[in-house]
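Close look at the chain arrangement
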Amino acid sequence: MKPLIAIVGRPNVGKSMLFNKLVGQRLSIVEDTPGVTRDRLYAEAEWLGRKFDLVDTGGIEPGTDSEILAFMRQQAEIAIQNATVIIFLCDIKTGLTASDQEVANMLLRSGKPVVLAVNKMDQVGHTNPDIYEFYNLGLGDPIAVSAVHGHGTGDLLDECFKYFPQEDQEEEDEDVIKVAIIGKPNVGKSSLVNRILGEQRVIVSDMAGTTRDAVDSYFENKKGKYLLIDTAGMRKKSKVDDPIEKFSVLRATMAIERADVCLIMIDANEGVTEQDTKVAGLAHEAGKACIIVVNKWDSIEKDDKTMDRMRQDVRRDLSYMTYAPILFISALTGQRVDRLFDLINYVVDQASLRITTGMLNSVLADATARVQPPTDKGRRLKIYYMTQIGVKPPHFVCFCNDAKLFHFSYQRYLENQIRSTFGLEGTPVRLTIRQKSDKEG
């Protein structure tokens, strides 16, 4: 495993700004409202040719009563437990506070290496004498940094680097499957992650919009290695007024791009809503392998036909995703959650399937013999051959005499023929039409 640096501190000292500076991209939501970073946010960074993970935590507010702030504190504590080294960030403008002292005591008790950084030291070549009061924390020499300008970040990383373990057993895991858990707010995404991980990794609360960032959690079991990406719930555009919320929708879209598989979560009590069709559409358009996960199945009154009816409703409302398997689960009770991993592995294999040109063309010959290609004004569509040019999703190219004659309905027919022969369950299929000059005039 790569070394992990956790950035901790009380709210509003500039942890997210420092995180972004170290990672080199705008990954963490930065707004000057205290308490914006609620969950831990991970990213990979590199220093002196060594890769490491960085985690930005919610601000630790010692002895807080607010439910969400107490959750944030819990999240930061979990990050501290998993960290190789901790950056404790303070703020020169507010000076040393009682909260800083409490956080420092908590870090000292953890027994982890701590590097003390004092932020907002924006002037170069001038040391603000106020920095010396931070020696009172008992954490050694404070390093002056400016998260806005990047001053001092090299010294800070050099100091962290001293605590990294020897680089021997750090191979990149190519076989980790990235799973994005997407859906509208309050559908149970975070509850599912927590159920799988068996720890309170993501804040679970019935306030909609609790998860604002896409949060990565590594998980391994006998079925494989997985990176679970829990995303902010996506609401209708008209309801997204809060600028922080807008970032969250963008982040969820980025999470879909990174993923190998998308779990599209639907609330069994509500069925497929208009918003669900939009969320699922994003994953479909991105060409991702998908599984439709109907959550909260424990709360439904059932008879022997309930599941079939629900399955028909989902198929009707997500008609463009007939390829996606449907699984009925309860994140709360754990019902059927263990079956997810077999399905995830299966749809990833299907999305990675390569079909030889010979096999494709025998399916094509059979399909065109059964249903003649369309004609227009006496001119018939001729399909010369088909070949696969990509995977994830499987991408096929058809060469024909006239692309205008290749009606969408015939493309759909060919896609269905390919699926009925080779499966390709759980993955969209791309079909590109190329026109070749007709040698017969």
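Predicted, not measured: the structure shown is a model, and the values here were computed from it. (Residues numbered from 1 in each chain as written. Predicted model: local features only at pLDDT ≥ 70, side-chain atom pairs only at ≥ 80, totals over all residues. Heavy atoms only, no water.)

**Re the packing of helix 10 (residues 357–370) against helix 11 (residues 408–422)**
The geometry of helix 10 relative to helix 11 is characterised by a closest axis approach of 10 Å and an angle of 125° between their N-to-C directions. Between helix 10 and helix 11, the interaxial angle falls into the category oblique. The interaxial crossing formed by helix 10 with helix 11 has right-handed handedness. The segment helix 10 lies against helix 11, with M359, L360, V363, L364, A367, T368 and R370 engaging Y410, Y413, L414, Q417, I418, T421 and F422. By residue class, the composition of the contact of helix 10 with helix 11 is ten nonpolar, three polar and one charged. (Axes fitted to C-alpha atoms, helices over the stretch in contact; angles between N-to-C directions. Helix = DSSP H or I, 4+ residues; strand = E, 2+ residues; numbered from the N terminus. Parallel < 35°, antiparallel > 145°, perpendicular 65-115°, else oblique. Left-handed = near helix turned anticlockwise from the far one by under 90°. Contact = heavy atoms within 4.5 Å. Nonpolar A, V, L, I, M, F, W, Y, C, P; charged D, E, K, R; others polar.)

**Section: the packing of helix 1 (residues 15–23) against helix 4 (residues 153–161)**
Remark: helix 1 packs on helix 4, axes separated minimally by 11 Å, with the N-to-C direction vectors making an angle of 85°. With respect to helix 4, the axis of helix 1 lies roughly perpendicular. Residues L18, K21 and L22 of helix 1 form the contact with helix 4, whose participating residues are T153, L156 and L157. Classifying every residue of the contact of helix 1 with helix 4 gives four nonpolar, one polar and one charged.

**A look at the nonpolar core**
Ranked by size, the top nonpolar core spans 28 residues in total, and within it L192, Y226, L228, V261, L263, I291 and I344 carry the most contacts. Examining the composition of this core, we find that seven residues originate from one element, helix 9 (residues 339–351), more than from any other. Setting aside residues up to four positions removed in sequence, V261 forms contacts with I177, K178, V179, A180, A289, I291, I344, V347 and V348. Of all hydrophobic cores here, the second largest spans 27 residues; its members include I266, C290, V314 and A324. (Core = buried A, V, L, I, M, F, W, Y, C linked by side-chain atoms within 4.5 Å. Buried < 20%, exposed > 50% of the residue type's maximum accessible area, 1.4 Å probe, protein only.)

**Comments concerning helix 4**
All buried positions along helix 4 are accounted for by T153, L156, L157 and C160. Looking straight down helix 4, one finds its buried side chains confined to an arc of 95°; they lie on one side. (Arc of directions from axis to C-beta.)

**As for the pairing of strand 9 (residues 224–230)**
With five of its seven residues buried, strand 9 lies for the most part within the structure. The pairing of strand 7 (residues 176–182) with strand 9 spans six bridges and is parallel. Looking at strand 9, one finds that K178 is bridged to L227. (Pairing = 2+ DSSP bridges.)

**Some words on the packing of aromatic side chains**
Counted according to the given criterion, the structure contains nine aromatic pairs. The interplanar angle of 10° and the centroid separation of 6.5 Å between the aromatic rings of Y132 and Y135 together place this pair among those described as stacked. The exposure class of Y135 is partly exposed, given its relative accessible area of 40%. Relative to Y413, the ring of Y410 lies with its centre 5.4 Å away and its plane at 45°, an arrangement referred to as tilted. (Phe/Tyr/Trp six-rings, centres within 6.5 Å; stacked < 30°, edge-to-face > 60°.)

**A few points about the state of the cysteines**
Evaluation of the coordinates by the stated rule reveals zero disulfides. C290 provides the cysteine sulfur closest to C262, a residue in no disulfide bond, and the two sulfurs are 5.1 Å apart. Classification of C262 as buried rests on a relative accessible area of 0%. As a non-bridged cysteine, C398 has C400 as the owner of its nearest cysteine sulfur, 7.4 Å distant. (Disulfide = S-S within 2.5 Å.)

**With respect to the side chain of D276**
With respect to the element layout, D276 can be found in helix 7 (residues 274–285). Here T273 takes part through its backbone nitrogen, which lies 2.9 Å from a polar atom of the side chain of D276. Residues contacting D276, with those up to four places away along its chain left out, are K184, M265, I266, G271 and L318. (Polar contact = N/O pair within 3.5 Å; in protein donor to acceptor, adjacent residues only side chain to side chain.)

**A short note on the pairing of strand 15 (residues 383–390)**
Taken together, the six bridges between strand 15 and strand 16 (residues 395–400) define a ladder with antiparallel strand orientation. Bridge pairing links G390 to H395 in strand 16.

**A few points about the pattern of salt bridges**
Counted under the stated rule, the structure contains 17 salt bridges. For D91, the salt bridge goes to K120, with nearest N and O atoms at 2.9 Å. One end of the pair, D91, is in strand 4 (residues 85–91); the other, K120, is in the loop between strand 5 (114–119) and strand 6 (143–144), with 29 residues separating them in the sequence. You can call K120 partly exposed: its relative accessible area is 26%. Residue D317 is joined to R316 by a salt bridge in which the shortest nitrogen-to-oxygen separation is 3.2 Å. Three or more residues are tied together by salt bridges with common partners; here these are K184, E270 and D276. (Salt bridge = Lys/Arg side-chain N within 4 Å of Asp/Glu carboxyl O.)

**Notes on helix 11**
With 15 residues, helix 11 should reach 21 Å at 1.5 Å per residue; the first-to-last C-alpha distance of 21 Å fits that figure. Turning to helix 11, its buried residues number three or more, namely Y410, Q411, Y413, L414, E415, Q417, I418, R419 and F422. Packing partners of the buried residues in helix 11 comprise helix 9, helix 10, strand 15, strand 16 and strand 17 (430–435). A positive phi of about 90° marks G423, the residue just after helix 11. (Expected span 1.5 Å × (residues − 1).)

**Section: the sheet that holds strand 16**
Sheet architecture is open: three strands sit in the order 15-16-17, paired in mixed fashion. Every other strand in the sheet has two partners, leaving strand 15 and strand 17 as the edge strands with one partner each. Each strand of the sheet is rotated relative to its neighbour by a mean of 25°, with strand direction disregarded. Pairing of strand 16 with strand 17, which is carried by six bridges, proceeds in the parallel orientation. Along strand 17, the bridge assignment pairs F399 with R434.

**Looking at the confidence of the model for the chain**
Across the chain, the average pLDDT comes to 83, with 81% of residues at 70 or higher. Within the model, the stretch residues 36–40 combines pLDDT values under 50 with 37 contacts to residues more than four positions away or in other chains. (pLDDT = per-residue confidence, 0-100.)

**Digging into unusual backbone geometry**
The step from K392 to P393 runs through a cis peptide bond, and the omega angle for that step is 0°. Along the chain, the position of P393 falls in the loop between strand 15 and strand 16. Positive phi is not limited to glycine here, since K296 has a value of about 65°. Checked against the element boundaries, K296 lands in the loop between strand 11 (289–295) and helix 8 (306–317). Looking at K296, the relative accessible area reads 25%, which means it is partly exposed. With phi around 50°, K392 is a residue other than glycine that occupies positive phi space.

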